[in-house]
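Each chain, letter by letter, is given below.
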Amino acid sequence: MNYAMAVVGHGRYPEGVLSALKLLIGTTEGMTAFNLDETTTHEQFEQRLKSFLDENDHALVFADMTGGAPHQIVARLMLEQNRPHQYIISSAPLNLILDLYAKNMGGFDDASVDETLRHTVTLSKDLIEILPDRMKTNSDEVPVPDIKHEDEGDGI
């Protein structure tokens, strides 16, 4: 089963995520951006999200910040509707969104989607790091990786 996917967030963050996905994998089909910016009231934002959720019983929504207004609005709508196949993932980094978008292209099994989401979130958390991590050691003792790129023309 393919899930409808959306990114919600402050300003133009959602459009930026879609722009990055398009650059990385060439498509954003099935992904919608909902910006909460200076041109959109909370009521307009909520109505657009409500329409999206009403039209898609199977939906994954990625929010830029846990507890922010976009997250609060979509979470409330989902809780009110109580649809078992609608999920919100908050504070979602691009690597997590990209991974779940790619997995969704092949379709999710409704019986295991919850497990897949939790596993992917855990893996994404493990990718968060500080480089170089020299705060605990003498900077001369921490080797700096020598990264060579075959193709440096595309910026990816």
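Report follows, based on the coordinates. (Residues numbered from 1 in each chain as written. Predicted model: local features only at pLDDT ≥ 70, side-chain atom pairs only at ≥ 80, totals over all residues. Heavy atoms only, no water.)

Okay, the pairing of strand β3 (residues 59-63) next. Each regular strand displays side chains that alternate between the two surfaces of the sheet. Judged by how many residues are buried, β3 sits mostly within the fold: 5 of 5 residues are covered. The two faces of β3 match: A59, V61 and A63 on one face and L60 and F62 on the other face are all buried. Two strands pair when backbone bridges link them, and strand β1 (residues 4-10) and β3 are joined in this way by 5 bridges, in the parallel orientation. Looking across to β3, one finds that A4 is bridged to A59. As judged from the 5 bridges shared by β3 and strand β4 (residues 86-90), these two strands associate in the parallel manner. Looking at β4, one finds that L60 is bridged to Y87. (Buried < 20%, exposed > 50% of the residue type's maximum accessible area, 1.4 Å probe, protein only. Helix = DSSP H or I, 4+ residues; strand = E, 2+ residues; numbered from the N terminus. Pairing = 2+ DSSP bridges.)

With that out of the way, let us pick up the sheet that holds strand β2 (residues 31-36). Strands sit in the order β2-β1-β3-β4 across an open sheet of 4 strands; the sheet is parallel. Edge positions in the sheet fall to β2 and β4, since each of these pairs with one other strand and no more. Along the sheet, successive strands turn relative to each other by an average axial angle of 20°, direction set aside. Sheet contacts for helix α3 (residues 69-81): β1, β2, β3 and β4; angle to β4, the most-contacted strand, approximately 160°. (Axes fitted to C-alpha atoms, helices over the stretch in contact; angles between N-to-C directions. Contact = heavy atoms within 4.5 Å.)

What follows deals with the packing of aromatic side chains. The way to describe two aromatic rings as a pair is by their centre distance and the angle between their planes. All chains considered together, the criterion is met by 3 aromatic pairs. For the pair Y3 and Y87, a centre-to-centre distance of 6.5 Å together with 40° between the ring planes defines the contact as tilted. In this pair, Y3 sits in the segment before β1 while Y87 sits in strand β4, placing the two residues 84 residues apart along the sequence. Grouping residues by exposure puts Y3 and Y87 together as buried. (Phe/Tyr/Trp six-rings, centres within 6.5 Å; stacked < 30°, edge-to-face > 60°.)

Before going further, it helps to spend a moment on unusual backbone geometry. Positioned with a positive phi, N82 is a non-glycine residue whose angle comes to about 55°. Looking at the secondary structure, you find N82 in the loop between α3 and β4. Despite not being glycine, S91 shows a phi value in the positive range, around 55°. Mapping S91 onto the fold places it in the loop between β4 and α4 (94-106).

It is worth spelling out the packing of helix α1 (residues 13-25) against α4 at this point. The N-to-C vectors of α1 and α4 enclose an angle of 60°; their axes lie 11 Å apart at closest approach. Classified by the interaxial angle, the pair formed by α1 and α4 is oblique. Where α1 crosses over α4, the handedness of that crossing is right-handed. Within the contact between the two elements, α1 uses V17, A20, L21, L24 and I25 and α4 uses L94, I97, L98 and Y101. Partitioning the contact of α1 with α4 into residue classes produces 9 nonpolar, no polar and no charged. (Parallel < 35°, antiparallel > 145°, perpendicular 65-115°, else oblique. Left-handed = near helix turned anticlockwise from the far one by under 90°. Nonpolar A, V, L, I, M, F, W, Y, C, P; charged D, E, K, R; others polar.)

Here N56 is to be found in the loop between α2 (42-55) and β3. Polar side-chain contacts of N56 include one of 2.8 Å to the backbone oxygen of F52. Setting aside residues no more than four positions away along its own chain, N56 makes contact with A4 and Q86. (Polar contact = N/O pair within 3.5 Å; in protein donor to acceptor, adjacent residues only side chain to side chain.)

Looking now at the packing of α2 against α3. Orientation of α2 relative to α3, taken along the N-to-C sense of each, is 45°, at an axis distance of 10 Å. Taken together, the axes of α2 and α3 are oblique relative to one another. Pair α2 / α3 crosses with right-handed handedness. Contact residues: H42, F45, E46, L49, K50, L53 and D54 in α2; A69, P70, I73, V74, R76, L77, M78 and Q81 in α3. Tallied by class, the residues present in the contact of α2 with α3 amount to 9 nonpolar, 2 polar and 4 charged.

Purely geometric stuff here, so don't read any function into it on its own.
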